[in-house]
Every structure is written in structure tokens, then in C-alpha cells.
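Notes for the structure review
Read off the chains here:
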Amino acid sequence: MDRIDALKSIAAQAGRGDLHFPTHVDATLKLQRALADPDCHIDEAARLVQTEPLLAARTVAIANSAAYNRFGNDVTNVKAAVARVGFRTLGALAAAVIVRQLAGEIHDPELRAKADQLWLHSTHVAALSQVIARRVSFVDPETAMFAGIVHEVGGFYLLSRAVEFPGLLDGGADEWIEHGETAIGRGVLLKLGVPAPVMGAIEALWNGMRALPPETLGDTLLLANDLAPVASPLLERDPGVSGVQVGATIDFAVGEGTLSSILEESEDEVHSLTAALA
């Protein structure tokens, strides 16, 4: 099977919902659904989070990041962290754990390096999306961060299957965009139960249509993706062009300031969010 046929095969399986997830990913999906229950109380949420050590650690780390800890009062337990970040952020963190669990199944060194780069890219996009949403586009920041975390989940799924198809990734970005990104991404996002507004924002990212200044969740995600200093290894930029160089060409007025000044003021927040996620 050549690589295009392999991509089409994986995409067709994803479209049917025939996805191969490791057992612990399925367990975290069940945890995510339980946390999404509107009747889930904070005590129950804290108990559920503590059953997944990675999620517990991420929740406390995010709660103590500059974006959520405005007054420098660190929390030291999961219940206090859940109370501070809220259930929507908790859902985003559960999705982050699922993505990392997918990456954790990749043992081939070359594929693992790509997965690590893809996760680093995703953390930057998530952190930038949160800040841009809060200070520029004024869409919901937690939803924006969630969109940033999961926007490349189809890529993680592809990497987790790549060892089955030697040469699958040799074709470069064009083949991934044409035959895999949308179909595989949509299938995995549906499996994760991603809400329609987030699906719409990621579809906008795939379509590459946005407004500046950003007005919608899709615009926010697109801008964050362009500004991210680490590129997706599946969609590498031209050699010699860094994310910093790409971002430097994007600026516009926002109220009495500019995008550049807002990002400069928010640098600590972006750094702390990225570190907590990564």
C-alpha cells in the first residue's frame, strides 16, 4: 500500500468512527464524559481528577500559572485547583491528557520526536489562543484554549498509526492536507465529543480563512497558530522561516494598543500556560 492509499485508508476508518485507541485513552474518555455531566459536583470532580495523576498534576499547574493565579496565591491540592480553573478548563485539560496518551503510544524515535514537536506546537497555540481570546477577540478564553489543545489531535492519531505504514510520512505536508488532515481530524474530534463551536473553529483553521483583527473563535485559533513559535512537523514552514519571523509580520491596532504590545504584556502568562501544559 502506498502512502496516499494508507492515508485514505486511515481517513476512511476515522470517518466511520473505527478508531484504534489504547485502553488508557478510552478510560480517560470516560473520565472526560463524567466531568462534563452538569450534575457533577466539585467534590466528585476532584475525586475523578485524582484518579488520573497526569490530569491532577496539570490541573494544579494550570491553577498556579500566571493566567489563573493573579495574586500569587498558589494552591496545593486538586479540589482548590478545580475550584479555581473551573469545569470548562478542566475539560480542556482532560483533552490534553488524551492527546498526550496518544503520543505516549509512539515508541519509534523519529515518530516520537515528531509527536513531541507537535505537542509543543499545540501548547503554544493553546496558550496564545487563551490570551488572544481574553484580550483581543473577546471570545471565551477557556474554549479557545481547548480548541488550541485539540486542533492537531488528528495529527497525533496519524503518528500513532504511522508505524503500521512504513513511508507514510514521506510525502510531506501537501499529501497530509489533501488526504488526511480534515478527514482524520474530524473523525478523532467527533470521537472525543468536541463541541460544535470548537469543531467549527478547527474547520476554519483547515480552510485557512480568517479576519484581522480576529472576531470569532476560528479567527482566534488561526492567529494563534500563525504566531506559534514552534511549527507542526506535519505542516513545516519553509526552511529558514521561524514562527517568530512569521509572527513579526502580523500586527494591528487593538483599542489603544497593538497586538504586539498585548503579546509583550502577556508574555509571562503565555509562558506559564505553555509550561504547565507541556
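Higher on the page you've got the structure.
Predicted model only: the values in this text are computed from it and were never measured. (Residues numbered from 1 in each chain as written. Predicted model: local features only at pLDDT ≥ 70, side-chain atom pairs only at ≥ 80, totals over all residues. Heavy atoms only, no water.)

A closer look at the overall build of the chain
Note the cut-off: Only DSSP runs of H or I covering at least 4 residues are called helices, and only runs of E covering at least 2 are called strands; the numbering of each starts at the N terminus. Radius of gyration means the value over C-alpha atoms here, while the globule rule gives 2.2 Å times the residue count to the 0.38 power. Summary of the burial criterion: residues with accessible area below 20% of their type's maximum are buried, those above 50% are exposed, and those between are partly exposed, where the area comes from a 1.4 Å probe applied to protein chains only. The contact criterion used is simple: two residues touch if any of their non-hydrogen atoms lie within 4.5 Å.
Looking only at helices and strands, the chain features 14 helices and two strands. In summary, the chain has a C-alpha radius of gyration of 18 Å against a globular reference of 19 Å for 278 residues, a match within 12%. With 278 residues in all, the chain has 53% of them scored as buried. For the chain, long-range pairs separated by at least 24 residues make up 68% of all intrachain contacts whose partners lie at least 6 apart in sequence.

Description of the side chain of Arg100
The cut-off we apply is this: Charge counting treats Lys and Arg as positive and Asp and Glu as negative, with His and both chain ends excluded. A pairing counts as a salt bridge when a side-chain nitrogen of Lys or Arg comes within 4 Å of a carboxyl oxygen of Asp or Glu.
Examined against the element boundaries, Arg100 turns out to sit in helix H5 (residues 78-104). In this structure, Arg100 is buried with no salt-bridge partner, the nearest side chain bearing the opposite charge being Asp116 at 4.2 Å. Setting aside chain neighbours within four positions, we find Arg100 in contact with Leu54, Arg58, Ala115, Asp116 and Trp119.

Some details on the packing of helix H2 (residues 23-36) against H5
The condition that has to hold: Lines are fitted to the C-alpha atoms to define the axes, a helix being fitted only along its stretch in contact, and any angle between axes, read from their N-to-C directions, falls within 0 to 180 degrees. In these notes the angle categories are as follows: under 35 degrees is roughly parallel, over 145 is roughly antiparallel, 65 to 115 is roughly perpendicular, and the rest is oblique. Gly falls in the polar group here, along with every residue not listed as nonpolar (Ala, Val, Leu, Ile, Met, Phe, Trp, Tyr, Cys, Pro) or charged (Asp, Glu, Lys, Arg).
Across the interface, H2 lies against H5 with an axial gap of 9 Å and an inter-helix angle of 175°. The orientation of H2 with respect to H5, classified from their angle, is roughly antiparallel. The segment H2 lies against H5, with His24, Val25, Thr28, Leu29, Gln32 and Leu35 engaging Phe87, Leu90, Gly91, Ala94, Ala95, Val97, Ile98, Gln101 and Leu102. Split by residue class, the contact of H2 with H5 holds ten nonpolar, five polar and no charged.

Observations regarding the packing of H5 against helix H8 (residues 153-161)
Note the following rule: What makes a crossing left-handed is the near helix being turned counterclockwise from the far one by less than a right angle; a clockwise turn instead makes it right-handed.
At a minimum axis distance of 8 Å, the contact between H5 and H8 shows a crossing angle of 20°. Considered as vectors, H5 and H8 are oriented roughly parallel to each other. You can see that H5 and H8 cross each other, and the crossing is left-handed. Along its contact with H5, which presents Val99, Leu102 and Ala103, the element H8 presents Val153, Phe156, Tyr157 and Ser160. In terms of residue class, the contact of H5 with H8 is made up of six nonpolar, one polar and no charged.

Re the pattern of salt bridges
It is possible for side chains bearing opposite charge to pair when their charged atoms get close. Counted under the stated rule, the structure contains ten salt bridges. Across the salt bridge formed by Glu269 and Arg70, the nearest N and O atoms sit 3.2 Å from each other. Note that Glu269 is positioned in helix H14 (residues 267-277) and Arg70 in the loop between helix H4 (53-63) and H5, a separation of 199 residues in sequence. Between Glu265 and Arg135 there is a salt bridge, and its shortest N-O distance comes to 2.8 Å. Here Glu265, found in helix H13 (residues 259-265), pairs with Arg135, found in helix H6 (residues 109-137); they are 130 residues apart in sequence, far enough to count as distant. Given the relative accessible area of 52%, Glu265 is considered exposed. Take Arg135: its relative accessible area is 26%, and that puts it in the partly exposed class. When salt bridges with common partners are traced through the structure, they connect Arg70, Arg134 and Glu269 into a single cluster.

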